[in-house]
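Coordinate analysis (summary)
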Amino acid sequence: MNQQTIQQHRQELHTHLTQQLLPFWTSRTADYENGGFITHFDQHGNDVGTDEKSLISQTRSIYTYSSAHRAGYSGSADLAALARHGVDYLIDRMWDQEHGGFYWMTDRQGNVLNDQKIVYGQSFAIYCLSEYTLATGDPRGLTYATQLFDLLQKHAADTCYGGYFEVFQRDWTLCEPGSAGGDRKTLDAHMHLMEAFTTLYEASRLPLHRRKLLEVIELLVKRIMHPVYGTGVPQFGADWQVAPQIKFDVIWGWDRFADGGVKRAATDNTSYGHNGEFGWLLLHALDVLKLPYDTHRDVFEKALHHAVTYGVDWELGGLFVEGAHSGAVYDREKEFWQQAEILIGFLDAYRLTGDELYWRAYDNVHRFVLDKMVNSETGEWWPLMTRDGQPIWTHMGHSWKINYHTVRSVIQSINRLDRLAALSA
């Protein structure tokens, strides 16, 4: 790695972001008839007409436009106006005026299709609304993010075992156990609560928000990451006993696992992408908290070491999906969001440790993404590919395949490449 290599990678990402990724989304997502964002597109970027607007897709879009505006990428598109457009819909059509919190799903016109309160989605609402206030100064974002945070403390926080229950009815009554999700706690939701509380605290600087962020970090470090391998354990019971990873009735990102609702090796699987995402989000939280990396350096290094040791496809490029905690790879396909998150994670690992292995791993995934995963016709990424880079799924947009992972990855990677360039100058 040298200054020239850093600048080459940075330029490739900057060109991809400003000439492909952002234009793809800014030119087609805003629904000026009904409000909010249209998010379902085929491989050519055409609206497929799906009559739904999910909480995930709306909040992640708001985050994307807010964060890109905050990072200085407005260019020819008014990203602040797009973010405001999304916030208007989120507050006007998805906020439950009676019980508080955001509905899980509406149709295009804003009629409620699913009124459940699911913490995974609520976490993204806190995240995007906090980012929106930081980016634009509009106080509505922080106001609603704070209200939602308070609702989670009231209804979802488990005062017995710690952490948060995750799946509720409209009135915040906990759902039934099993596939309804009422008795499960997950890495996914708690990692995104760390992400959300980090940005909420950055926006508010309230001691309560800081304290709850520290609690979630402690829970992730002590309960959710594997005590031996330092890898993420996907699902737990209410008392934090490891539970088989099952598919909930309301799903996100489980579309291809149809084998009776249970994954292969349901109690021994970890996601390389989640481990990388957890790692860089943890370092970011420590930055916002103004705590030294040594506070949890060992936790970060274990998660990223596992990913670089077992998750990287050194032969064909890119990152595998998942495998055993002890190392055996179970799923050798290539998923868009996992590539996105590991790019940031590997750059942070290289920045923190100076180990050239992480730079080589970053370069490997960088090349796989730009050479194979980017759909050259549209500029967005294929959602799922074979090991050698042939598209399996071809949609560019979906209720959960949206701009958040891809745009964020490129913005955050550019930021880290700039920091590396400054260090090596």
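Provided above is the structure to which this section pertains.
None of these values were measured; they are calculated from a predicted model.

**Quick notes on the overall build of the protein chain**
- The number of helices and strands found in the protein chain is 12 helices and 13 strands.
- Taken over C-alpha atoms, the radius of gyration comes to 20 Å for the protein chain, in line with the 22 Å a tight globule of 425 residues would show.
- By the burial criterion, 61% of the 425 residues in the protein chain qualify as buried.
- Of the contacts made within the protein chain by residues no fewer than 6 positions apart, 66% connect residues no fewer than 24 positions apart.
- With an accessible surface of roughly 15400 Å², the protein chain has 48% of that area assigned to carbon and sulfur atoms.
- Taking the 38 positively charged and 53 negatively charged side chains of the protein chain as two groups, their mean positions are separated by 4 Å.

**Remarks on the sheet that holds strand β8 (residues 270-271)**
- On the basis of which strands lie adjacent, the open sheet formed by 3 strands has the order β8-β9-β10 and antiparallel pairing. Since the sheet does not close on itself, it has two edges, and those belong to β8 and β10 (329-331), each with one partner.
- As paired strands, strand β9 (residues 322-323) and β10 are joined by 2 bridges and run antiparallel to one another. Among the inter-strand pairings, G323 is bridged to a residue of β10, identified as V329.

**A few points about the sheet that holds strand β3 (residues 112-114)**
- Spatially, β1-β2-β3 is the arrangement adopted by the 3 strands of the open sheet, whose pairing is antiparallel. Edge positions in the sheet fall to β1 (53-54) and β3, since each has one partner strand and no second.
- Looking at chain direction, strand β2 (residues 105-106) and β3 are connected through 2 bridges and run antiparallel. Note that in β3 the partner of T106 across the bridge is V112.

**What to know about the layout of surface pockets**
- By volume, the largest pocket is sized at about 450 Å³.
- Contributing to the lining of the largest pocket are 20 residues, with R70, H284, I411, Q412 and N415 lying nearest its centre.
- When contributions to the lining of the largest pocket are tallied by element, the ones reaching two or more residues are α2 (55-70), α4 (119-136), α6 (187-204), α8 (272-289) and α12 (403-424).
- The biggest single contributor to the lining of the largest pocket is α12, with 7 residues.
- Grouping the constituent residues of the lining of the largest pocket by class yields 8 nonpolar, 5 polar and 7 charged.

What counts and what doesn't
Residues numbered from 1 in each chain as written. Predicted model: local features only at pLDDT ≥ 70, side-chain atom pairs only at ≥ 80, totals over all residues. Heavy atoms only, no water. Helix = DSSP H or I, 4+ residues; strand = E, 2+ residues; numbered from the N terminus. Rg over C-alpha atoms; globule rule 2.2 N^0.38 Å. Buried < 20%, exposed > 50% of the residue type's maximum accessible area, 1.4 Å probe, protein only. Contact = heavy atoms within 4.5 Å. Areas by Shrake-Rupley, 256 points an atom, 1.4 Å probe, with all protein chains shown as cover. Lys, Arg positive; Asp, Glu negative; His and termini not counted. Charge placed at Lys NZ, Arg CZ, Asp CG, Glu CD. Pairing = 2+ DSSP bridges. 1 Å grid on protein atoms, 1.4 Å probe; cavity = no way out; pocket = protein on both sides within 12 Å on 5 of 7 lines; lining within 4 Å. Points joined across faces, edges and corners; volume = space filled by probe spheres on them. Nonpolar A, V, L, I, M, F, W, Y, C, P; charged D, E, K, R; others polar.

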